[in-house]
Amino acid sequence: MFRSVSGIAIALQLRRHYVIDWGTLMVFSVLGILLSFLMIFNPAFGGLSIVLWTGFAFLASGALSIVFALRLRKLHTFIQKELE
């Protein structure tokens, strides 16, 4: 919640300095505040969201590890061909 309030303040500063993309930060900050209040007033939603985000983080980490391994394999074969 505190980061969302800080995000709103930063978005307003960016608007004052004529930065084009300040609206995106404002939208996500307001959304963060709304979700924070939802988690405070409905603890079941908070617990469920923590479980879902943790699961999503593990899935994303696994997928990125696979992509990284495939790129390293491709790099390894490229280096082997250059050395021959």
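Structure: see above.
These lines cover the structure that appears in this document, whether it is placed above or below. Everything quoted here is computed from the prediction, not taken from an experiment.

Rules of the game
Residues numbered from 1 in each chain as written. Predicted model: local features only at pLDDT ≥ 70, side-chain atom pairs only at ≥ 80, totals over all residues. Heavy atoms only, no water. 1 Å grid on protein atoms, 1.4 Å probe; cavity = no way out; pocket = protein on both sides within 12 Å on 5 of 7 lines; lining within 4 Å. Points joined across faces, edges and corners; volume = space filled by probe spheres on them. Helix = DSSP H or I, 4+ residues; strand = E, 2+ residues; numbered from the N terminus. Nonpolar A, V, L, I, M, F, W, Y, C, P; charged D, E, K, R; others polar. Phe/Tyr/Trp six-rings, centres within 6.5 Å; stacked < 30°, edge-to-face > 60°. Lys NZ or Arg CZ within 6 Å of the ring centre and 35° of its normal. Axes fitted to C-alpha atoms, helices over the stretch in contact; angles between N-to-C directions. Parallel < 35°, antiparallel > 145°, perpendicular 65-115°, else oblique. Left-handed = near helix turned anticlockwise from the far one by under 90°. Contact = heavy atoms within 4.5 Å.

### Points about the layout of surface pockets
Then, in step 1: What the largest pocket holds in volume is close to 180 Å³.
Then, in step 2: Contributing to the lining of the largest pocket are Met 1, Arg 3, Ser 4, Gly 7, Leu 25, Phe 28, Ser 29, Gly 32, Leu 35, Ser 36 and Met 39.
Then, in step 3: The leading source of residues in the lining of the largest pocket is helix H2 (residues 22–41), at seven residues.
Then, in step 4: When grouped by side-chain class, the residues that make up the lining of the largest pocket number five nonpolar, five polar and one charged.

### A short note on the packing of aromatic side chains
Then, in step 1: The final tally for this structure, using the stated rule, is two aromatic pairs.
Then, in step 2: Ring centres 6.2 Å apart and planes at 10° place the aromatic pair Phe 37 and Phe 41 in the stacked group. Taken together, the residues Phe 37 and Phe 41, both in helix H2 and four residues apart, mark about one turn of the helix.
Then, in step 3: For the pair Trp 53 and Phe 56, a centre-to-centre distance of 5.7 Å together with 85° between the ring planes defines the contact as edge-to-face. One end of the pair, Trp 53, and the other, Phe 56, are both in helix H3 (residues 43–83), three residues apart, so they sit about a helical turn from each other.
Then, in step 4: Residue placement shows Arg 15 over the ring face of Trp 22; its charged tip is 5.4 Å from the ring centre.

### Looking at the packing of helix H1 (residues 2–16) against H2
Then, in step 1: Their axes nearest at 8 Å, the elements H1 and H2 cross at an angle of 160°. Here H2 runs roughly antiparallel to H1, going by the angle between their axes. Note on packing geometry: the crossing formed by H1 with H2 is left-handed. From H1, Ser 4, Val 5, Gly 7, Ile 8, Ile 10, Ala 11, Leu 12, Leu 14 and Arg 15 reach across to H2, where they touch Trp 22, Leu 25, Met 26, Ser 29, Val 30, Gly 32 and Ile 33.
Then, in step 2: The class makeup of the residues in the contact of H1 with H2 is eleven nonpolar, four polar and one charged.

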